[in-house]
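Listed here are the chains, written in short residue letters.
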Amino acid sequence: MAGVKAPWWATIYVIVPIFSGFVWLGMLLGMYISDIGAHQLQPLFIAMGTTTVVSFTTVFATERWLRHRGTIARNTSRFQKILSTLAIVFAVIGMIGLIILTCRNNIYYSTTHDACLVVFIAGYIISAIFVCWEYQRLGIHYRQHRILRISFWIKLAFIFVELGLAIAFGVLSHQKRYNSAAVCEWVISFIYTFYVWSYAIDFIPAVRTKHYASKETEIDMAEGMEAESRMRGYPGGVPQEQAAYSSTGVTRGQESRNV
């Protein structure tokens with residue numbers, strides 16, 4: 001594939017997960033989880049929580065699109081595409097769980113709140129599992145891409161840590177040790193920030209000075225070259241024009257146009 005310069009707006013790929021993470025972190029620092037959010041700061045909880053998960057979900061869809069175009073490491077099998085799609089589906093489930101959770105505080109809707117917390121955590125953990133699985137398969141074919149390995153290990157660490165904390169939260173809540181359970185809930189939410197930020201790493205190849213053009217871009221370029229050759233008077237396109245150069249010894253840029 002041909003190396004091309006990334007457009008200036010490609011930096012948005014990295015900015016979106018960074019933005020999502022900072023919105024989430026700002027929300028956590030501006031309030032304590034659940035109890036304060038259930039009262040005066042619930043509008044803040046709803047607005048910032050929703051902004052985070054909606055913008056973060058677009059990251060999954062964007063990554064699928066960029067892999068399809070070949071802007072970042074292209075999927076090498078249909079199975080990898082299925083894994084990517086499942087990651088998006090469970091991220092959407094986690095997003096819905098968090099949005100409902102912010103609207104149903106744990107004072108008046110404790111059962112719904114806890115159920116949505118489980119959906120939120122489980123959705124993103126399962127999504128991360130599919131992402132890691134996809135990256136593991138990609139790593140087999142793109143061993144030279146260190147970013148894939150780094151991102152894989154970060155997300156795998158997220159899975160194990162968050163799963164352990166989720167289990168601890170469930171046990172402590174069942175034992176009615178609510179203060180300890182609240183600490184686990186806080187830590188789970190805080191670690192989620194770093195998981196969101198980890199996706200900025202995945203988009204670094206998309207904003208490098210030189211990166212690989214997609215197959216569709218190559219086709220467009222080839223078709224454009226063919227059209228230009230015909231306009232210069234070579235009905236056989238690029239092959240005929242190249243043959244003409246070879247036979248006459250004329251170098252490109254010195255030939256006269258045959259219109």
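Keep in mind that this is a model prediction, so the values were computed, not measured.

**Concerning the side chain of Gln 80**
Piece 1. Position of Gln 80 relative to the elements: it lies in helix α3 (residues 78-103).
Piece 2. In this view, Gln 80 contacts Asn 75, Glu 134, Arg 137, Leu 138 and His 141; residues no more than four positions away in its chain are not counted.

**Points about the packing of aromatic side chains**
Piece 1. Under the definition given, this model contains 20 aromatic pairs.
Piece 2. Look at Phe 60 and Tyr 199: their rings are 5.0 Å apart centre to centre, the planes differ by 50 degrees, and that puts the pair in the tilted class. Placement of Phe 60 in helix α2 (residues 42-69) and of Tyr 199 in helix α6 (residues 178-202) is noted, with a sequence separation of 139 residues between them.
Piece 3. You can call Tyr 199 buried: its relative accessible area is 0%.

**Let's talk about the nonpolar core**
Piece 1. Counting residues in each nonpolar core, the largest one holds 50 residues, and the members touching the most others are Phe 56, Phe 60, Phe 120, Tyr 124, Tyr 192 and Tyr 195.
Piece 2. When residues of this core are traced back to their parent elements, those giving at least two are α1 (12-30), α2, α3, α4 (110-141), α5 (146-174) and α6.
Piece 3. A total of 12 residues in this core trace back to one element, the largest contributor, which is α4.
Piece 4. When sequence neighbours within four positions are dropped, the list of residues in contact with Phe 56 reads Ser 20, Tyr 124, Tyr 192, Tyr 195, Val 196 and Tyr 199.

**Some thoughts on the pattern of salt bridges**
Piece 1. The full count for this structure, using the stated rule, is three salt bridges.
Piece 2. Linking Glu 63 and Arg 67 is a salt bridge whose minimum nitrogen-to-oxygen distance equals 3.0 Å. With a gap of four residues between them, Glu 63 and Arg 67 both fall in helix α2, about one helical turn apart.
Piece 3. Where salt bridges share partners, they join Glu 63, Arg 67 and Glu 134 into one cluster.

**Quick word on the UniProt feature "transmembrane region" (unreviewed entry) in the protein**
Piece 1. The UniProt feature table records "transmembrane region" (unreviewed entry) at residues 12-34, 40-61, 82-101, 107-131, 152-172 and 178-200.
Piece 2. Summarising residues 82-101: 100% helix, 0% strand, and an end-to-end C-alpha distance of 29 Å.
Piece 3. For the annotated span residues 152-172, helix accounts for 100% and strand for 0% of the residues, and the straight-line distance between the end C-alpha atoms is 30 Å.

The rules behind each value
- Residues numbered from 1 in each chain as written.
- Predicted model: local features only at pLDDT ≥ 70, side-chain atom pairs only at ≥ 80, totals over all residues.
- Heavy atoms only, no water.
- Helix = DSSP H or I, 4+ residues; strand = E, 2+ residues; numbered from the N terminus.
- Contact = heavy atoms within 4.5 Å.
- Phe/Tyr/Trp six-rings, centres within 6.5 Å; stacked < 30°, edge-to-face > 60°.
- Buried < 20%, exposed > 50% of the residue type's maximum accessible area, 1.4 Å probe, protein only.
- Core = buried A, V, L, I, M, F, W, Y, C linked by side-chain atoms within 4.5 Å.
- Salt bridge = Lys/Arg side-chain N within 4 Å of Asp/Glu carboxyl O.
- UniProt positions renumbered as here; feature names shortened; annotations may be inferred.

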